[in-house]
Each structure stands twice: as structure tokens, then as C-alpha cells.
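# Secondary and tertiary structure notes
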Amino acid sequence: MHGTILFAPSGYQIDTGELDTFSELTPKELYLAAFNNETSDDPAHNFLLSIAKSFIDSVIHDPAINFTRVAQEIAPDTINQLLSILPFCLGMEYVTSDWISNIWDKFRDVFNNDLSEYKGSVEDYINEKNTSINVVGRVFFHLAENKDGTSPFAFIATYSKAALDNKTSHTKTISHIPLGQALKEFQNDPNGLLDLLSTVSKATDNSGFLSELVQSGELFHPLMFDSKDAYKFLCEVEFYESCGIICRVPNFWKKKRRTRLTVKIGPNGPSRLGASALIQFSPTIYLGDVELTKSEVEDILNYSSGLARIKGKWVEVNHDKLTKLLKQLDQIRNTEYSLAEGLQLMSGIKQLHKSDDDDIVEISNNEWLTDIIDKLKEPAKLSDIQTDTEFCGQLRHYQQLGLNWLDFNNKLGFGALLADDMGLGKTIQVLAYLDKLRADNYKTLLIVPASLIVNWNKEASKFAPLLRVSTLHGTSRDINIDDADLFITTYGMATRLDALKKITWDLIILDEAQAIKNANNKSTKIVKLIPSKSRIAMTGTPIENKLADLWSIFDFLNKGMLGNINEFTTFTTKLKNQPDKYTKLRDIVSPFILRRLKTDKNVISDLPDKIEITEYTTLTKKQVILYQSLVKDLQKKLESAKTGDSILQRNGIILSTLMKFKQLCNHPDHYSGLGEFNPAESGKFEALAEICETIRDKHESVLVFTQFREMCEPLHDYLSTIFGRDGLIIHGGVTPQQRGKIVEKFNSQYIPFMVLSLKAGGVGLNLTSANHVVHFDRWWNPSIENQATDRAFRIGQTKNVIVHKFVTTGTVEEKIDSILVDKQKLADDIITSNSG
């Protein structure tokens, strides 16, 4: 299997990375792959295989399967177990209990349909798929505590028998009968008896203990076991079950039977936490669920290995583990640990003692830390932080929760990753927080991609007009910290401004923080060296398949929390064979990641169906030079216009020049007609890349509208490099018949983007496969733009549509934008006044 598995709300898909290919891996394919014990280098694919393998495991361990021939619904414990091994990968946020149940039901359909047509037994069906898989037989082994008898344990072997409903001939009940009865039931049917005892026969080949019970005939009678016999039996339970025998054992063996050292993070927390805060550890040794002191453990070392009854409970005594735990007990008591180290131990990234028993030590939170982490995971439990009275924005409910969460993290001393989905308003949440911090004279450094500098300035002046903002340019060695509350610079500039490292900032914020996912990148290393008291990262695509990316972001936010890169790499190499460690990793990072989705019903009800965002872009140096030259040329032409036809002539000159201004804002080559279209020479191309890289990572689709037919090909070619595949084009030269085929193709398979000229693609098309719309250049009439947007925002659209409208600052496009806003407001006012 090549490509990447993507989780989605309705199921899963496979992106093969080839041209125009985006398909679904069928349940039947996964079902068969699981039978063959296939694995993949793709964590998401392995997770799907785990669901299929869990399904198969439930079938072969269902004692009634031979009678019912129908697979059962997924058990809640199985769902929880599968959620615990969910990897970090694209779309992981969509994987819920219902999502897993839906996938499980697809495997049930495959199995049930196969069995309805299969004439042989279930075991024959399974063995045709894989001869090494054993279907459970009808024999059960039961071991129970015998609290009233002379021996501590009682044992009996039984076999299952189905009672049929005479009316329907369907299985009604399944009863358990002592195995000794089978000798009478099958006395005239030796083959039937051999078939019944086939699983027992397999087990006796490699179990001396069971072989003795069979040869002596004791297996066919109820037995009393002492602790030694019970321990021999319990140690072989896993082997018996692999042979197809179902075992029922006491709870003490199933739950918390491990010899372990439980370490609670101390009873009292420091006044300010943070990853480097020193904390106390309170270590306790447990045998099973029995708590022991050091002296009690030393006394138990005098016991023989095996089962022992201590403090009224049966526990397993393992001398080797107990000896190791005593050493680790002394190590923990005599060592100071930071909170980061405690969390590393909790996740398994760091180990106290290198041994084969990776889970011999358990780290757990005390009540104070448990309460803090619960509030970080559920911001609804936090008290509301009031925005400043001068703040001009109205926060939605989930944005208010984001503000509360950012404030709570900061006061605790933790770095925070605001990872809301694109379009949910990460910027306004952060600006509300910065405006609140302004009263405390906070000095904040914001690092952004170059294309977002103008956006941040515009949004800050709009929502937080009293927040003093300074944009850092050039290579100045000095920064006057009293000049502003918020200093904005770019990732590129941060590598050149040495003065940034001479200031200990109150807060550093990274927007589009995926820019530092590569830990070896020069700019990443430099950004991490800038000193600060608190840190925030913002990104709509926080986690992909590479866990090293996650490490790099957390290395910026909470240094040391995920260990050093070598420790983390060692940890991640174990995940393929020990996927349960994903839960421990998730428990560590999830309190410091706030992720809300547009598809979340709790968020959708609080959002409009169409989210419109004005994306402010800037001119590149080449564009600035050409723009200034064009302005001067316009002035000369207007001055030389003859007075006779002055109005018409001047209007003609202005209109033709306006068109040139708009072409120049798109790209210098659009204006000059050269046709090379180097992306670095256009601010709009850079902004388009920022947006479309996020759309690509989320495997969503976008419509890009331009009023110029000649821009369609250059935009298509550029977007092809971003998405790694071709998209589609519709302009005036495409015939109606061709358009129909293009639309059908776009809606029937995954095509990441389509470029459309506004006139040709603005009406009459249904393109609901896309949930993003980009207006690359602006038309004079807002209704025309709205009609174009409605190609995606119409009946049949199942997602919220995000509309990005490009405006180049300091140019005629800003004037056009203000005109369009006024026109739209006028139209809305007229409609509103007439609707009553």
C-alpha cells in the first residue's frame, strides 16, 4: 500500500500522491489484510488494521460464533482500547467512538455476508483465510477463589451447548456443562468428542501441567488447587487462550496484578508551574492493588515466588521486579525532578531504569495537578476573562473559552498551542488576550510569515485600537521596548535581527507555527533562542504524520516536556509495536493544545455557514517599483489630456490604468505580459501558498476565482506545485459541454483545486466538493463575487465555506474593497428595510 491514509468524518481515504487519485481503501481490503497480519509504515493505516484485527479477534473469541454465525457489535471496552492506540496523523480529530463503531460495522457486514453464503464451519472459514488463527472451541477453564473450602482455589472445565428455539430453529441460549458430561454425551460419537477436545489437545502438546490433568482424567472433574497449582495455571492462561480455550480467572489476576512502583507527583504544587518547576515525588510500591511500605517489601522477599495472600488479597510475588523497585524507590526519594521530567516519566519518553519492564514504574498526578490538567483539557471549566472595555470585537462562545484557556496557561507558566481549524478566529482570540495584557505593560513579540504582517496590523487596529503595534524591519541593532506593546516581525527577519535575543520578552507568539516543525532548520533554531517568559504557537494544522514535527513545536513551547530529540526518537520507534504508548503521549501534550473544528457540532451551531476573511497582501519590491512608475505615468497622461474631450478622455485613461494596476497587483508578469510568473515576485502568490498549504494538509478543496482569463493558466501551474498534482480550469474558452465534464469530474473524485475566470465560472455551476473560495482579484460588483462564491456555498454543501478575499494594501485594491463593502452594506440595508 502506497500513499497516506486520511481520517475523515465519514470514514477514511487513501491519498496515493499520484495525479488525480484519491480513493477509499475498502473494508474488504482491510479485512483481508488484517487476516494476513499485514502492517504498514503509515500509522493511520496500521490503526485501521488494528480495528480489523480487533474485529477478527472478537469473532474467534466469541464462544457462540459457531452457533450464531453472526459477528457481534463492538464492545465499549474495545472502543476505549482502540482510542488509546490512535496515532497522531491527519484527521485524527475525527476519530470518535461513533467513527470506530461505523468502521467496525463495515467489517461486520463483510463477515456476515461471507458467512451467509459459506457452507462450512466458522473455523473452516477462518482457516481458509489464515491457517495459523485458532477459533475458540467450546471448552472453558474456570478458576475461582474458594473462600469457604480448605483449598484456596477451585477449578472446573466445561463445554458450551446451544439450546435451539423450536419455532425459529435459531440459537436461543448457550449453557455450560461440566466437561465430564461430554464423555457420556459423545460415548457413541468419538469423532465428535475429538472435535470438542481439539483445543485441549493442542494445548497439551506444550503444557506439562495440563497434560498431567488430561492423562490422569482429573480434567473431567471439579478440582481443588493450592496456590502453587493455581499459579502454574494462571501463568499458562495466555497460552491456553492462544490454543482456543476460553479461560475465566479471578479479578486479581486480570486487574492491576503487576508488581509496580506508583509515583505520585507531590502533594503540593509550586506557585508557578511551567515545565522547569521543581516538584516533589511521592513513591509507593504496589503488588496488584495492595500498597506496601519499603520494610513490607523487604519482608515479602522472604516469600517464595508465586501467589501469596497479603493484607487479605492474592498477589503475585516476583523477586526480580521487587528488587528493582526497591532500588528505584531510593533513587526517586533522593532526586529532585522538574515537572517536565515527571511528565516524561509518565509518558515513557524517559525511564528511571533501563530494563525489559518498561512499565514497571507508573507516574500519576496528585489532586492539585489533576485539577489543573482537567481545566486545561476542558476550558469550559475555567472562569471567564473579561475583555478590555476598549476591545472592539465580539467574541463567540468558543473564542471566549480560548481566551480563558490562553490566560490560564500563561498564569501557570506553560506554553500553549492554539490549533483551531482555519476560519475559527485564532487571531481575534490572541488579540483579545494581548489587549488584556496591555494593562500589565506586557511586551510581546509576534513572528509571522511575511504575507501576514499587514493582516495582523489591520486586525489589531480594528479590534484592539489602543494596542500599540510596531513592525520590525531592517537589521537595526536596537529596539526601544517602550515604543509599543506588540512588536511584529517575520521568520526571515528574526534570523537577522540580533536585537531580538537581547530582550527577555514577556510573551512570544508564533503564527503559522508549522514554520518551525523542522527542528534542524536554521530559522527554527534561532527563533527558539529568543528569550521569553511565556510562549504561544498558532497553527490550523498542528499535527501531521511526523511526530518529530510535534516535538519541535513543543520544544519551543515547553522545552524539555517531550525530552531531547534523541529520547523522543527512541520513544517513537517503539510506537509501531507498542501503540498503547500513543495514549501516554497524548495525555502529556493534549492539555497544552486547544483544537476546535468547524465540523464539531458544538462549534457549528455558533458559526455562520459562510466565513468571509479579507486577506491583506503586500507588494513585493518589484511590484512597488512598477506601481510607482505606473502612478507617475498616469499623472502625466492626465495632465496632458486635452480639454475638449477631457471628461471622456480622462475616464478612459483612468479605467485603462486601473486595469493595469489590478494586473500589477496580481503579478508583474501579468502586467508586462512576459509570462514567467515567478511566485516570489507577487505578494498574492505568497499569500495563496500560505492558504493552500493548509488546505492541502487538510485534504480539502478550493475554488480560485480571477476576473482575468490570462491568469488561469499561471495560477493553475503554481497551485499544481503546491498540491503536488494538477487541478482543473474553467474559463471563457471552455465549451459548455466541456464544462459539464469538468464539473462532474470535480464533484466525483478528489481534485484539490479549480481555477475559474469570474465570468465563465461565476454562475450556473455546482461545485460543492470545494469548501474554500479564493477571490484572487476583486470585481466591482459584490453581487458578482457572491454569485461566484455560491458555486460552493449552495444546497448540497455539507461543510462550512471559507471565503478568502485578496486585497493588496496601499493600492487601488484597497479603494475597490472599501467601495465593495459600502455597496454590500447598502444592498443589505435595503433588503433588511424591505423585509419587514
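Residues numbered from 1 in each chain as written. Predicted model: local features only at pLDDT ≥ 70, side-chain atom pairs only at ≥ 80, totals over all residues. Heavy atoms only, no water.

### Structural notes on the nonpolar core
With 131 residues, the main nonpolar core has Phe7, Phe47 and Trp99 as its most contacted residues. It is helix α2 (residues 43–60) that provides the largest number of residues to this core, a total of ten residues. Judged by nonpolar contacts, the second largest core, of 37 residues, contains Ala182, Phe233, Ile245 and Val249. (Core = buried A, V, L, I, M, F, W, Y, C linked by side-chain atoms within 4.5 Å. Buried < 20%, exposed > 50% of the residue type's maximum accessible area, 1.4 Å probe, protein only. Helix = DSSP H or I, 4+ residues; strand = E, 2+ residues; numbered from the N terminus.)

### Here we look at the sheet that holds strand β29 (residues 801–808)
Taken together, six strands build an open sheet; the order of strands is β24-β29-β28-β25-β27-β26 and the sheet is parallel. The sheet is open, and its two edges are formed by β24 (610–617) and β26 (728–730), each paired on a single side. Averaged over all adjacent pairs, the angle separating strand axes in this sheet is 20°, with direction ignored. Taken together, the four bridges between strand β25 (residues 702–706) and strand β28 (residues 772–775) define a ladder with parallel strand orientation. Along β28, the bridge assignment pairs leucine 703 with valine 773. (Pairing = 2+ DSSP bridges. Axes fitted to C-alpha atoms, helices over the stretch in contact; angles between N-to-C directions.)

### Side note on helix α30 (residues 683–697)
Helix length check: α30, at 15 residues, gives a terminal C-alpha distance of 22 Å against a target of 21 Å (1.5 Å per residue), a fit within 8%. Most of α30 sits out of view: eleven of its 15 residues are buried. Regarding α30, its N-cap is serine 682, as a side-chain oxygen of that residue lies 3.2 Å from the backbone nitrogen of lysine 684 further along. The first or second residue beyond α30 is histidine 699, which carries a positive phi of 55°. (Expected span 1.5 Å × (residues − 1). Polar contact = N/O pair within 3.5 Å; in protein donor to acceptor, adjacent residues only side chain to side chain.)

### A look at the packing of aromatic side chains
According to the stated counting rule, one finds 28 aromatic pairs in the structure shown. For the ring pair phenylalanine 55 and tryptophan 104, a centre distance of 5.3 Å and an interplane angle of 80° mean the geometry is edge-to-face. With phenylalanine 55 in helix α2 and tryptophan 104 in helix α5 (residues 97–117), this residue pair connects regions lying 49 residues apart in the sequence. According to the relative accessible area criterion, tryptophan 104 is buried, its value standing at 1%. For the pair phenylalanine 776 and phenylalanine 806, a centre-to-centre distance of 5.8 Å together with 50° between the ring planes defines the contact as tilted. Within this pair, whereas phenylalanine 776 is found in the loop between β28 and α34 (782–789), its partner phenylalanine 806 is found in strand β29, the two being separated by 30 residues in sequence. By the burial criterion, phenylalanine 776 is buried, and phenylalanine 806 matches it. An aromatic cluster is built from Tyr31, Phe35, Phe55, Trp104, Phe107, Phe111, Tyr118 and Tyr125, whose rings are joined through pairwise contacts. We note lysine 458 situated over the ring of tyrosine 616; from NZ or CZ to the ring centre the distance is 5.1 Å. (Phe/Tyr/Trp six-rings, centres within 6.5 Å; stacked < 30°, edge-to-face > 60°. Lys NZ or Arg CZ within 6 Å of the ring centre and 35° of its normal.)

### Quick word on the confidence of the model for the protein chain
Detailed reading of the predicted coordinates is not advisable wherever pLDDT is low. Residues with a pLDDT of 70 or more make up 84% of the protein chain, whose mean pLDDT is 83. Ranking the helices and strands of the protein chain by mean pLDDT puts strand β21 (residues 505–510) first, with 96, and strand β3 (residues 22–23) last, with 46. Considering only residues more than four positions removed or in separate chains, one finds that residues 17–22, a stretch of pLDDT under 50, has 19 contacts. Every residue in residues 826–836 scores below 50 in pLDDT, and together they form zero contacts with partners more than four places removed in sequence or on other chains. (pLDDT = per-residue confidence, 0-100. Contact = heavy atoms within 4.5 Å.)

### Observations regarding the pairing of strand β11 (residues 281–287)
Judged by how many residues are buried, β11 sits mostly within the fold: six of seven residues are covered. In terms of strand pairing, β11 meets strand β12 (residues 290–292) through three bridges, oriented antiparallel. By the bridge assignment for β12, tyrosine 286 is matched with glutamate 291. Between β11 and β12, which pair antiparallel one after the other, the connecting turn spans two residues, and glycine 288 there sits at a positive phi close to 65°.

### Details of the sheet that holds strand β18 (residues 444–448)
Spatial strand order, β19-β20-β18-β21-β22-β17-β23: seven strands in an open sheet with parallel pairing. Lying at the two open borders of the sheet, with one neighbouring strand each, are β19 (469–471) and β23 (593–594). Looking at chain direction, β19 and strand β20 (residues 486–490) are connected through three bridges and run parallel. Looking across to β20, one finds that serine 470 is bridged to phenylalanine 487.

### Things to note about the side chain of histidine 716
Locating histidine 716 in the fold gives a position in helix α31 (residues 712–723). When its relative accessible area of 9% is taken as the criterion, histidine 716 is described as buried. With residues near it in sequence (within four places) discarded, histidine 716 still touches Asp726, Gly727, Leu728, Ile729, Phe753 and Val755.

### Things to note about unusual backbone geometry
Unusually for a residue other than glycine, asparagine 37 sits at a positive phi of about 55°. Following the sequence through the fold, asparagine 37 ends up in the loop between α1 (27–35) and α2.

### Topic: the side chain of histidine 775
Among the secondary structure elements, histidine 775 is positioned in strand β28. Judged by its relative accessible area of 1%, histidine 775 falls in the buried class.

### Quick word on helix α32 (residues 736–748)
Every α-helix winds through 3.6 residues per turn, so residues three or four apart in the chain are directed the same way. Between its first and last C-alpha atoms α32 spans 18 Å; for 13 residues at 1.5 Å apiece the expected length is 18 Å, and the two agree. What α32 keeps buried is the set Ile742, Val743 and Phe746. Each buried residue of α32 lies within a common arc of 100° when the element is viewed along its axis, so the set occupies one face. α32 presents Gln737, Lys741, Glu744 and Ser748 as exposed residues on the side facing more than 90 degrees away from its buried surface. The elements touched by buried residues of α32 are β25, β26 and β27 (753–757). (Arc of directions from axis to C-beta.)

### Comments concerning the packing of helix α22 (residues 522–529) against helix α23 (residues 547–557)
When two helices pack together, you describe them by how their axes are tilted relative to each other and by the distance separating the axes. Between α22 and α23, the shortest axis-to-axis distance is 9 Å and the interhelical angle comes to 25°. Classified by the angle between their axes, α22 and α23 sit roughly parallel to one another. Of the two possible hands of crossing, α22 and α23 adopt the one that is left-handed. Listed contacts from α23 to Thr524, Val527 and Lys528 of α22 are Trp551, Ser552, Asp555 and Phe556. Broken down by class, the residue content of the contact of α22 with α23 amounts to three nonpolar, two polar and two charged. (Parallel < 35°, antiparallel > 145°, perpendicular 65-115°, else oblique. Left-handed = near helix turned anticlockwise from the far one by under 90°. Nonpolar A, V, L, I, M, F, W, Y, C, P; charged D, E, K, R; others polar.)

### A closer look at the pattern of salt bridges
If you walk through the whole model with that rule in mind, you get 24 salt bridges. The residue glutamate 93 makes a salt bridge to arginine 595 at a minimum N-O spacing of 2.7 Å. On the criterion of sequence distance, the pair formed by glutamate 93 in the loop between α4 (76–84) and α5 and arginine 595 in the loop between β23 and α26 (601–604) is long-range, its members being 502 residues apart. We classify glutamate 93 as partly exposed; its relative accessible area is 28%. Look at arginine 595 and you get partly exposed, because its relative accessible area is 23%. One salt bridge connects aspartate 421 with lysine 698, and the closest N-O pair in it is separated by 2.9 Å. With a gap of 277 residues between them, aspartate 421 in the loop between β17 (416–418) and α19 (426–437) and lysine 698 in the loop between α30 and β25 connect regions that are remote in the sequence. Of the residues examined, aspartate 421 reaches a relative accessible area of 2% and is grouped as buried. If you follow the salt bridges from partner to partner, you end up with Asp388, Asp435 and Arg438 in one network. (Salt bridge = Lys/Arg side-chain N within 4 Å of Asp/Glu carboxyl O.)

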